[in-house]
Each structure stands twice: as C-alpha cells, then as structure tokens.
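Remarks on the overall topology
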Amino acid sequence: MTDNDTPRETDESMTPSRRTMLKGTGTAIVGTAGLAASSSSAAAVSSWDIEVLEVGDSVFGIGSTPSIPVDDEVFVFAHGWFGDTTVASQAADVATSMEDAGYEADEYVAIEWDATTINFPAAESETEDVGEELAEMVEEFYDDGGGDLRLIGHSLGGRVVLETINALDDDYEIETVAPLGAAADGDMVCAGGDGLFSDNWYDGIAENADEVRNYHSNNDSTVGSAYGGFFGAALGNDGAGCPGDTADNYTDVDVTDSVGSHLAYLGDEEVGADLAEAAGVDVDDGWW
C-alpha cells in the first residue's frame, strides 16, 4: 500500500492531472485494488477454480507465452492496477456473479500481468503490450479448436481486453468482450476518435468482437477523476463520449444503480446477470 504523500514518477510529456491517479480518490486504487472486491460469503466459484496465466512477466520480455485452455466455453478475466496478487479472487467474484444468474464455463482463467507500480502511466502503457500477447493466446485458442470466449477486464484490465481485440488479426472474433470500469477516455471507442495519447479501439471493436459491453457507473469517481477531462467522458464513469457514433456491436451498460464504487463491479449481481445474458443465458429481467 502506498501513502497519499508518496512521490510519483511522471512522464513530463503527459499532463499529470490526467494520467496520474490523483492523491485523493485515485490513490484508493493502490490501497484497495489488491483486495477481494465481493462481500458475498459463499462463492460458487473459488480462487482454486481459477487458472492464473502470467502474461509479460519477464522484465526483458523473454519467455514462453502461456496458452488459454481449449474448451467449449471459457471465461477469461484481466485485472487492473495493483491487482496482480489477488487476480484469482477478483476473477472468482465476477465468475460467481455470472454463475448466480445461470452461467457456467468449462474453464475459468485469470490473466496476471505486472501492474504493481506507483508509476500509473507506465502501467497504463503496459496494457498495450499485454493486449498484444493476449491476442496471440486468443488466436492460438481458436486455431486449436476452442469454442466461445468471454473476455472481461476491470479498470486497466478493461484497456487490456480492448487492446487485445485491436491486436487480433481480422480472421478472429471474440464472442463477448466486457470492460468493467475501464480506465480510459470515452472517445477511445468512437468512430474517428483518438485518445489523447494513443489510437482508438473502434476498428478492433467493429471487426474482432461479436459483442462489446462496456459497464460503467456514475459512482465510479476513481476513473472519473482521472479521465475525460472537463468536457470529455471517462469510459468507466460516463460510457462512450460519442453516443450513436460507436460500432454497431458496442453497448454501454449503465450500472450506476448497483455499482457504488470502482471495485464494486467485481461480484455485482446486476453486472453478473448482464454478462451471463451476453453469454446466452436466459436471464429473467429484474431478477436481482
């Protein structure tokens, strides 16, 4: 855990107020992202059910790329900033909320990447490399006869899953891609829109996913304070910054009524029910 007064490395080419999690609300990620998010006492899916795959774990980028287990229905979860050590429990929280609504996967996978650094811009930048490696794993999964993938990412993990579909060859299409409280600008998913420091994800969404569901909450002040600026939108707080100008397979899912904070997506029953529905489960509307 870091102290609110801990000095942070910054990239002088960036605007610190937009690319460093601020000392107030933003620092909460450092202090809490490593904790299990759900308060549910009995999990249908436990951390022991989650296969953790380390991606980009070598300092020099050396080492073999792990493989996603090949099966008919596979759940894959990517953590956010400082989420390395508890990625299995976070994945189990999300998977349990989906199972409570009737979903069941053949395999449960968590993607662990090096996100433990007080240098937030460096962690943000790392999501592109992680996405590229994960894209290779996804392509191998389909090449080896894999069935359906549900690719879910929280916070910076939301960037990971969107970077993944951006890096996929056009012959591949992931069934469900779901950022939860994505740490990104809302215009990154817009047609012709560019993020402040990188290209946008519109083409990847349109070409390499059957469906993208972006879960956002107006109560997510953590990403709201770090992205969007005065006149823009934060993807995990406001949704897309261009209503009506996103890809046809992209949907903003407003979960403000049930998600009260940045970590509350993990294990939230409304999020889980909607994700289960995206996976083909016949969910009774309003069951939660």
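Throughout what follows, the structure given in this document is the object of discussion. (Residues numbered from 1 in each chain as written. Predicted model: local features only at pLDDT ≥ 70, side-chain atom pairs only at ≥ 80, totals over all residues. Heavy atoms only, no water.)

Here we look at the overall build of the chain
Helix and strand counts for the chain come out as eight helices and seven strands. With 288 residues in all, the chain has 55% of them scored as buried. A sequence separation of at least 24 residues applies to 77% of the contacts in the chain between residues at least 6 apart. (Helix = DSSP H or I, 4+ residues; strand = E, 2+ residues; numbered from the N terminus. Buried < 20%, exposed > 50% of the residue type's maximum accessible area, 1.4 Å probe, protein only. Contact = heavy atoms within 4.5 Å.)

Notes on the environment of Ser125
Inspection of the secondary structure assignment puts Ser125 in helix H4 (residues 120-143). Ser125 sits 34 residues away from Arg159 along the chain, and the two C-alpha atoms are 9.7 Å apart.

Brief notes about helix H5 (residues 156-167)
The end-to-end C-alpha distance of H5, which contains twelve residues, comes to 16 Å, matching closely the 16 Å that a straight helix rising 1.5 Å per residue would cover. In terms of residue burial, H5 counts as a mostly covered element, since ten of its twelve residues are buried. Every buried residue of H5 is accounted for by Leu156, Gly157, Gly158, Arg159, Val160, Val161, Leu162, Glu163, Thr164 and Ile165. Taken together, the buried residues of H5 touch strand S2 (73-78), H4, strand S4 (148-154), strand S5 (174-180), helix H6 (202-208) and strand S6 (209-216). (Expected span 1.5 Å × (residues − 1).)

Brief notes about a negative patch on the surface
Among the surface-exposed residues, Asp169, Asp170, Asp171, Asp203 and Glu207 lie close enough to one another that they form a single negatively charged patch. When its relative accessible area of 38% is taken as the criterion, Glu207 is described as partly exposed. (Patch = residues over 30% accessible without salt bridge, like charges linked within 9 Å, V, L, I, M, F, W, Y side chains within 5 Å. Areas by Shrake-Rupley, 256 points an atom, 1.4 Å probe, with all protein chains shown as cover. Salt bridge = Lys/Arg side-chain N within 4 Å of Asp/Glu carboxyl O. Lys, Arg positive; Asp, Glu negative; His and termini not counted. Charge placed at Lys NZ, Arg CZ, Asp CG, Glu CD.)

Some remarks on helix H3 (residues 87-99)
The end-to-end C-alpha separation of H3 is 18 Å, in line with the 18 Å expected for 13 residues at 1.5 Å each. Most of H3 sits out of view: twelve of its 13 residues are buried. Buried residues of H3: Val87, Ala88, Ser89, Gln90, Ala91, Ala92, Asp93, Val94, Ala95, Thr96, Ser97 and Met98, and no others. Looking at the buried positions of H3, the neighbouring elements they touch are strand S1 (51-54), S2, strand S3 (107-112), S4, S5 and helix H8 (269-278).

Regarding the packing of H3 against H8
Contact geometry for H3 and H8: axes closest at 7 Å, N-to-C directions at 70 degrees. Relative to H8, the element H3 lies roughly perpendicular. Our pair here, H3 against H8, has a crossing hand that is right-handed. Here Val94, Ser97 and Met98 of H3 come into contact with H8, specifically with Gly272, Ala273, Leu275 and Ala276. Classifying every residue of the contact of H3 with H8 gives five nonpolar, two polar and no charged. (Axes fitted to C-alpha atoms, helices over the stretch in contact; angles between N-to-C directions. Parallel < 35°, antiparallel > 145°, perpendicular 65-115°, else oblique. Left-handed = near helix turned anticlockwise from the far one by under 90°. Nonpolar A, V, L, I, M, F, W, Y, C, P; charged D, E, K, R; others polar.)

Keep in mind that these numbers describe shape and distance, not what the molecule does.
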